[in-house]
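Inside the fold
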Amino acid sequence: MKVISRNPDKPGKVVRILPGILLLILLFLFILQFAGGWYLEREIRHALKSMEGPVAIELENVHVRLIRRSVKLEGLALTLRNKRDTLVNFRAEELNVTGIRALKYLRSKELHIGSVEILHPDLNGKMNIQDEILPLFSDALKNDSLGEPGGMERFVLGRVTISGGNINIRDVMGKIPAVNLSSIQLDLRNICYHAGNASPDLRVVYEDLTLHTGAGDIFLPEGFYGLKFDRTTFCSAGSFFEMDALQLTPAYGKYEFGRIHGKQTDRFDVDVSNIRARGLDYAAMLEGRVRVRKFSVEGGNVLIFRDKNIPFDHSIYPPLIRTALMNVPFAVTMDTIEITDSYVQYEEELPLAEGPGMVYFSDMDVRVFHLSNRPDDHADFPSMHIHAQAKLMGQGRVSLLLDLPMDIPRDTFSFYGKLARIDFKEMNPMTIPNAHLRLLSGIADSLIFSARANNDHARGIITMVYHDLSFEVLNKKKGHARRSGFVSFMSNAFVRKNNPRGNRDPKVAEMFFLRDKNKGMPNFVWKTLLSGIKATVLPGHRANASAGEVESGTH
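Not measured: the values here are computed from a predicted model.

1. Some details on the overall build of the chain
Per the secondary structure count, the chain includes 10 helices and 31 strands. Across the chain, contacts joining residues at least 24 apart in sequence account for 61% of those joining residues at least 6 apart. Accessible surface for the chain amounts to roughly 31400 Å². Of this, 58% is attributable to carbon and sulfur atoms.

Put into structure tokens, the structure is as follows:
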């Protein structure tokens with residue numbers, strides 16, 4: 001029998017060969033990492049220098065790590081120019097791209113990248129955004145080669161993060177809001193850019209977006225207002241948006257604002273503590289719709305001023321609520337809007353008045369239910385409801401309910417309300433400059449009203465219970481209000497000082513008002529109430545349904 005013996009030196013040979021194999025592998029990796037990386041770095045620099053068109057890119061250093069499948073750009077500077085000057089400057093300390101799957105792109109024409117990180121970006125621009133920037137994006141979309149034969153079929157990016165930095169973009173033509181953000185933090189996950197026949201609005205999808213910004217300014221078009229805020233947070237996964245300390249600030253003073261505008265207009269000065277949106281449907285936003293479960297505003301302080309010495313623009317016809325909502329150029333649905341702990345003050349300056357008339361509402365709470373301009377929502381919720389409560393002049397509690405049908409093709413609505421006890425003298429800041437009437441005494445114990453209205457007129461009933469009403473009529477002479485004794489005596493002699501009188505039931509008066517189409521919803525509701533108040537206080541007068549004014553008549 002033949003015995004085959006093993007070679008006792010064979011394991012030793014393997015052991016001796018193994019370090020050489022490892023050395024060759026390491027050498028190959030070294031060449032791939034550094035030589036290949038150096039080649040790609042050179043190609044990247046060359047490609048950036050030879051770029052043509054409106055975009056120029058410069059950088060201080062490029063680091064390519066093939067094994068790690070990463071690229072780092074240091075000192076990145078991007079400039080967007082037109083034929084005349086520079087439009088946008090973008091700089092970043094670092095831009096890191098990792099997880100580049102080049103082999104997958106070669107096999108399937110799909111580019112997959114793990115993450116993109118931008119450190120301390122600084123974006124500055126001063127341009128005509130509408131005419132210079134938007135056409136560039138439009139042209140890029142038209143010339144998009146994604147999905148063409150031989151081109152990229154799909155682009156997938158796992159995560160984008162932006163840390164620090166600021167943004168300052170201004171529109172020199174004043175047609176688009178300008179933005180100034182002191183800091184920005186962005187985390188965007190699982191972005192996918194599809195090719196094929198997808199519409200442009202649906203080509204880009206993402207899984208989660210979280211955005212934090214520091215204090216910022218937004219300069220609104222036409223230059224009459226600016227917006228300031230302390231902090232904003234948006235999270236698509238949590239479906240919420242928050243903004244702190246929002247301020248809408250007029251660019252001009254009370255009287256200068258109207259003169260520069262050229263026509264009568266309301267000047268708003270708004271300060272809000274907090275704004276929140278819950279149940280925000282970010283997928284709907286990608287389709288051009290706003291869908292919010294609950295939108296809340298807390299601690300609002302609103303000052304409104306109108307100078308009636310400025311010419312009135314009779315070419316403006318403000319729509320009522322339903323029409324205004326249906327005219328919004330995008331779909332919007334909000335289940336609930338909640339405004340709490342707010343203050344609203346309205347002032348108006350009349351010709352020859354010593355000062356502006358003023359009325360204010362404190363401790364205001366407003367809730368809006370089923371706001372939508374989508375017809376398919378109206379089948380489930382045919383009416384929008386607005387509930388409002390506040391203290392009139394810091395005293396009488398006012399409650400108002402508006403019922404606005406949304407499933408009929410016209411502005412038809414109902415409103416109901418009541419006012420609790422208030423001293424008439426509290427209304428002098430409005431009645432003296434506006435009506436030349438000083439209320440001396442009297443208490444409104446209660447006021448209850450209800451009405452139905454459309455785009456043309458409003459009709460309803462009002463019951464105002466009050467007692468001990470007295471007043472004096474003021475004459476305007478040389479810019480000063482003076483008491484007119486005879487007119488005051490005669491007026492007090494003919495008005496109802498009490499309602500009810502003696503043991504009688506309270507007088508229930510009719511309300512009727514033909515809408516002034518040049519005025520908005522608040523004026524419409526107030527003038528309707530005023531028609532009923534006059535019919536209550538002035539004997540022999542009634543709301544005239546044919547003329548829409550108070551006239552003499554039998555009682």
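Now that the structure has been shown, the text picks up again.
2. Regarding the confidence of the model for the chain
Taken residue by residue, the chain gives an average pLDDT of 82. The fraction at 70 or more is 80%. In this model, residues 545–555 is a region of pLDDT below 50 whose contacts with residues beyond four sequence positions or in other chains number 23 contacts.

3. Concerning the packing of aromatic side chains
If you walk through the whole model with that rule in mind, you get 10 aromatic pairs. Between Tyr 255 and Phe 305, the ring centres sit 5.2 Å apart and the planes meet at 80 degrees, which makes this aromatic pair edge-to-face. With Tyr 255 in helix α4 (residues 254–261) and Phe 305 in strand β19 (residues 301–307), this pair connects stretches of sequence that are 50 residues apart. Three or more aromatic residues link up through ring pairs in this structure, and these residues are Phe 413, Phe 415, Phe 449, Phe 513 and Phe 524.

4. Points about the environment of Phe 424
Mapped onto the elements of the fold, Phe 424 is located in the loop between β25 (422–423) and α8 (428–435). The spacing of Phe 424 and Arg 438 is 14 residues in sequence and 9.5 Å in space, taken between C-alpha atoms. Beyond its immediate chain neighbours, meaning those up to four positions away, Phe 424 contacts Leu 439, Ser 441, Gly 442, Ile 443, Ala 444, Tyr 466 and Leu 469.

5. Quick look at the side chain of Arg 267
Examined against the element boundaries, Arg 267 turns out to sit in strand β17 (residues 267–278). The buried charged residue Arg 267 lacks any salt bridge partner; its closest oppositely charged side chain belongs to Asp 269, at an N-O distance of 4.6 Å. One polar contact links the side chain of Arg 267 to the main-chain carbonyl oxygen of Tyr 252, over a distance of 3.1 Å. Contact partners of Arg 267, with chain neighbours within four places excluded, come to Tyr 225, Pro 250, Tyr 252, Gly 253, Lys 254, Phe 257, Leu 303, Ile 304 and Phe 305.

6. Some points on empty space enclosed by the protein
Here the structure, examined in full by the defined rule, presents 2 cavities of 30 Å³ or more. Looking at the largest cavity, its volume works out to about 40 Å³. In this structure, the largest cavity is lined by Lys 254, Phe 257, Gly 258, Lys 263, Gln 264, Thr 265, Arg 267, Phe 305, Arg 306, Asp 307 and Ile 310. Among the secondary structure elements, those contributing two or more residues to the lining of the largest cavity are α4 and β19. Classifying every residue of the lining of the largest cavity gives 3 nonpolar, 3 polar and 5 charged.

7. Digging into unusual backbone geometry
Going from Asn 499 to Pro 500, the amide bond is cis rather than trans, its omega being 10 degrees. Mapped onto the fold, Pro 500 is located in the loop between α9 (485–494) and β29 (508–514). Even without a glycine there, the phi angle at Asn 190 is positive, about 55 degrees. Position of Asn 190 relative to the elements: it lies in strand β10 (residues 184–194). A relative accessible area of 36% means that Asn 190 is categorised as partly exposed. Phi at Asp 363 is positive, roughly 50 degrees, even though this residue is not glycine. Judged by its relative accessible area of 37%, Asp 363 falls in the partly exposed class.

8. Description of the side chain of Thr 340
Residue position: Thr 340 is located in strand β20 (residues 331–349). When its relative accessible area of 19% is taken as the criterion, Thr 340 is described as buried. Ignoring sequence-local partners within four residues, the contact set of Thr 340 consists of Val 297, Glu 298, Gly 299, Gly 300, Met 364, Asp 365 and Arg 367.

9. Observations concerning the environment of Lys 109
For Lys 109, the position within the fold is in the loop between α2 (102–108) and β5 (110–119). Classification of Lys 109 by relative accessible area gives partly exposed; the value is 31%. Sequence spacing of Lys 109 and Phe 155 is 46 residues, and the spatial spacing of their C-alpha atoms is 8.9 Å.

10. A closer look at the pairing of strand β8 (residues 166–171)
Only one face of β8 is buried: it carries Ile 167, Ile 169 and Asp 171, and the other face, with Asn 166, Asn 168 and Arg 170, is open. Relative to strand β9 (residues 178–181), β8 runs antiparallel, the two sharing 3 bridges. Looking at the pairing, Asn 168 lines up with Asn 180 of β9.

11. A short note on the pattern of salt bridges
The final tally for this structure, using the stated rule, is 21 salt bridges. The salt bridge partner of Arg 159 is Asp 187, with a shortest N-O separation of 2.8 Å. On the criterion of sequence distance, the pair formed by Arg 159 in strand β7 (residues 154–163) and Asp 187 in strand β10 is long-range, its members being 28 residues apart. Given the relative accessible area of 32%, Arg 159 is considered partly exposed. Accessibility expressed as a relative area gives 16% for Asp 187, which makes it buried. Shared partners join several salt bridges into a network, and the residues in it are Arg 231, Glu 242, Asp 244, Arg 276 and Arg 278.

12. Considering the environment of Asp 122
Relative to the helices and strands, Asp 122 resides in strand β6 (residues 122–127). Placed 60 residues apart in sequence, Asp 122 and Ser 182 show a C-alpha to C-alpha distance of 9.9 Å. Not counting residues within four places of it along the chain, the set of residues in contact with Asp 122 comprises Asn 89, Phe 90, Arg 91 and Asn 166.

Reading the values: rules and limits
- For every chain, the first residue of the written sequence is number 1, and numbering continues from 1 onward in sequence order.
- With pLDDT at 70 or above as the cut-off, local features in this predicted model cover only qualifying residues; side-chain atom pairs require 80 or more to be listed or tallied, and sums for whole chains, interfaces and linings still use all residues.
- As a convention, hydrogens and water are excluded, and side-chain values are obtained from all of the structure's heavy atoms.
- Every helix listed is a DSSP run of H or I at least four residues long, and every strand listed is a run of E at least two residues long, numbered separately from the N terminus.
- Should any heavy atoms of two residues lie within 4.5 Å, those residues are considered in contact.
- In these tables, accessible area is a Shrake-Rupley quantity obtained with a 1.4 Å probe, and a residue counts as shielded only by the protein chains included in the view.
- Along the chain, pLDDT gives the predictor's confidence residue by residue, from 0 to 100.
- Stacked, tilted and edge-to-face are the three classes applied to pairs of Phe, Tyr and Trp rings, where Trp contributes its six-membered ring and a pair requires centres within 6.5 Å; stacked means planes under 30 degrees apart, edge-to-face means over 60, and tilted covers the rest.
- Here the term buried applies to any residue with accessible area under 20% of the maximum for its type, exposed to any over 50%, and partly exposed to those in between, with areas from a 1.4 Å probe on protein chains only.
- We count Lys and Arg on the positive side and Asp and Glu on the negative side, and we leave His and both chain ends out.
- The salt bridge definition used is simple: a Lys or Arg side-chain nitrogen within 4 Å of an Asp or Glu carboxyl oxygen.
- For the purposes of these results, a polar contact is taken to be a pair of N or O atoms within 3.5 Å, where, inside protein, one atom must be able to donate a hydrogen and its partner to accept one; residues adjacent in sequence count only when each atom of the pair is a side-chain atom.
- Definitions used throughout: a 1 Å grid over protein atoms alone; a cavity as a set of points that fits a 1.4 Å probe which cannot get out; a pocket as an open set with protein on both sides within 12 Å along at least five of seven lines; a lining residue as one with an atom within 4 Å of a point.
- Grid points are joined across faces, edges and corners, and a volume is the space filled by probe spheres set on the points.
- Note on residue classes: Ala, Val, Leu, Ile, Met, Phe, Trp, Tyr, Cys and Pro are nonpolar, Asp, Glu, Lys and Arg are charged, and everything else, Gly too, is polar.
- One requirement defines pairing of two strands: DSSP has to find at least two bridges between them.

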